[in-house]
Structures are given as structure tokens and as C-alpha cells.
Amino acid sequence: MTGFHFCFASCVLLLTLSCRTSTGLPVRTRSTEKCGDCPLLFKNLLVKATELLSSEILWYGIKADRMMVSQAETVLACAPTLTQNSSCLTQRNSSFSESECLRNIRKDLAYYAAALQSYIVSPLRTPEEEVALSPTLEIIQSLQSCCLMLNGENDSSEEVAAQMWGDDTYSNRQKMCKMMRGFHARTITINRAMGYIASGDHRK
């Protein structure tokens, strides 16, 4: 089942790369027009997620060949609307909902923010780990407060993320590694989704 979800996510990521979503960096949309730095923040989030995957400070001696992602349905919710010439079977066949897509992106960011925040303040983390992870948390918090207002939404996955760390340093670092692998994949989806929304194709 895990392999199926991974393949499904991979296909949708490829889909978003090929079906008129590769419009460069996300530009201002109705949801981000209040913050001129939003496109840059989304790009920087992906850059930071990529950098974290190669961090020797975080992953020294850690082996993790799986990824762990939030329960938000961002991949499906943000998939482009099915087109007649599309050969991607995983593409949605219902109308694209910008609000649904953004709601799931907000859930993703809330989950990862809660997980990073709880890890950074945990007694088992090292100062070096805090320095490595804090910039990513700051970007997520900026996106939450400026570009993707939460509108009072509460998500139980935030509580789950905040309680995911145990009392074993190695297990926590291994779990963090899996989470960062999933986070990297999800930031790719998020950037492509914002590019799709900015393109306006879903309104045609």
C-alpha cells in the first residue's frame, strides 16, 4: 500500500510538471496578493527543504529509505483538471477547487510547522539541529501569517505532529529524516500548485 501511495504521488508530481503548470515561479494570486514576498517564500521553502535533505548535521549516521507526509490530501486536491488530451490516469476528473487546494496546503504547513516547532524545543535536540531547522520553520510561519491565512481553521494533525517525538534521540532523528523526505516532495507539489493557480488555467 505504501508503494502505491508513493507511485501515485510521483505520477501526480510528474503530471503537474507537464500539464501547463511549469510557469516558473509562482506569481501573485488572489490569495497571496497581500504579501509581495509570497512567491519568493514558496521558492525558498523548496530550496530549504532540498538543503535539509543533504544536511550532515541532521542525518549523520541515520538511514531512512521511506518518507512520511502529512495527512492532508494536497496531491489530489491540487491536481489540475482533467483535459481531453491528457493520458494521466491520476489526474482529477472533477473541477479544480482553488479553495480546496489552498486549504490542504494550509494543513500541510500547519503540520510541518507543529512538528518542527515541537522538535526544536525538545530537550533531546542539539543547538546545531535547532540552527539548521529554524530557518525552514520561520519561512513556514511567514507563509502561514502572510500568504495563507488560517482563517481560524484547526487541524488535529497539528496535535499529532507536536506529539510525534519520543525519548530516544536516534529514533527522533530517523523520524525527522523520513518527515523531511516527505516534506521535500510536498513542497514540490505546493510550488507547482501555486504556479497552476497563478496561471489561471483552472478558470478557463
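Placed above this text is the structure.
This structure is a prediction, so every number in the text was calculated from the model and none was measured. (Residues numbered from 1 in each chain as written. Predicted model: local features only at pLDDT ≥ 70, side-chain atom pairs only at ≥ 80, totals over all residues. Heavy atoms only, no water.)

A. Broad picture of the packing of aromatic side chains. Under the criterion given, the structure shown has four aromatic pairs. A ring pair is formed by Phe96 and Tyr196, whose centres lie 4.9 Å apart and whose planes are at 85°; its orientation type is edge-to-face. Here Phe96, found in the loop between α4 (74-77) and α5 (98-120), pairs with Tyr196, found in helix α8 (residues 169-199); they are 100 residues apart in sequence, far enough to count as distant. Each member of the pair, Phe96 together with Tyr196, is buried. Relative to Tyr112, the ring of Tyr111 has its centre 5.0 Å away and its plane inclined at 85°; by these criteria the two rings are edge-to-face. Across the pair, Tyr112 and Tyr111 agree in class, each one buried. Grouping aromatic residues by their ring pairs yields a cluster made of Tyr111, Tyr112 and Phe183. (Phe/Tyr/Trp six-rings, centres within 6.5 Å; stacked < 30°, edge-to-face > 60°. Helix = DSSP H or I, 4+ residues; strand = E, 2+ residues; numbered from the N terminus. Buried < 20%, exposed > 50% of the residue type's maximum accessible area, 1.4 Å probe, protein only.)

B. Broad picture of the pattern of salt bridges. As enumerated under the stated definition, the model contains four salt bridges in all. The residue Glu51 makes a salt bridge to Lys48 at a minimum N-O spacing of 3.6 Å. One end of the pair, Glu51, and the other, Lys48, are both in helix α2 (residues 38-53), three residues apart, so they sit about a helical turn from each other. Looking at Glu51, the relative accessible area reads 43%, which means it is partly exposed. The exposure class of Lys48 is partly exposed, given its relative accessible area of 27%. In this structure, the salt-bridge partner of Arg173 is Glu129, at a minimum N-O distance of 4.0 Å. Residue Arg173 is located in helix α8, and its partner Glu129 is located in helix α6 (residues 127-147); the two are separated by 44 residues in the primary sequence. Like Arg173, the residue Glu129 is buried in the burial classification. (Salt bridge = Lys/Arg side-chain N within 4 Å of Asp/Glu carboxyl O.)

C. Fine view of the environment of Cys147. Note on placement: Cys147 falls in helix α6. The exposure class assigned to Cys147 is buried, which follows from its relative accessible area of 2%. In the structure, Cys147 is positioned 41 residues away from Arg106 in sequence and 9.8 Å away in space, judged by C-alpha atoms.

D. The arrangement of the nonpolar core in detail. In terms of nonpolar packing, the biggest core is built from 44 residues, with Ile105, Met176 and Met179 touching the most fellow members. Ignoring sequence-local partners within four residues, the contact set of Ile105 consists of Thr74, Cys78, Leu148, Ile190, Ala193 and Met194. (Core = buried A, V, L, I, M, F, W, Y, C linked by side-chain atoms within 4.5 Å. Contact = heavy atoms within 4.5 Å.)

E. How the structure looks around the state of the cysteines. Enumeration according to the criterion identifies two disulfides in this entry. Between the sulfur atoms of Cys38 and its disulfide partner Cys147 the distance amounts to 1.7 Å. One quick way to see it: the torsion about the S-S bond of Cys38 and Cys147 is about -100°, and its sign makes the bridge left-handed. Linking Cys38 in helix α2 with Cys147 in helix α6, this pair joins segments that are 109 residues apart in sequence. Paired by a disulfide, Cys78 and Cys101 hold their sulfur atoms 2.0 Å apart. On the sign convention where negative means left-handed, the S-S torsion of about 105° between Cys78 and Cys101 marks this disulfide as right-handed. (Disulfide = S-S within 2.5 Å.)

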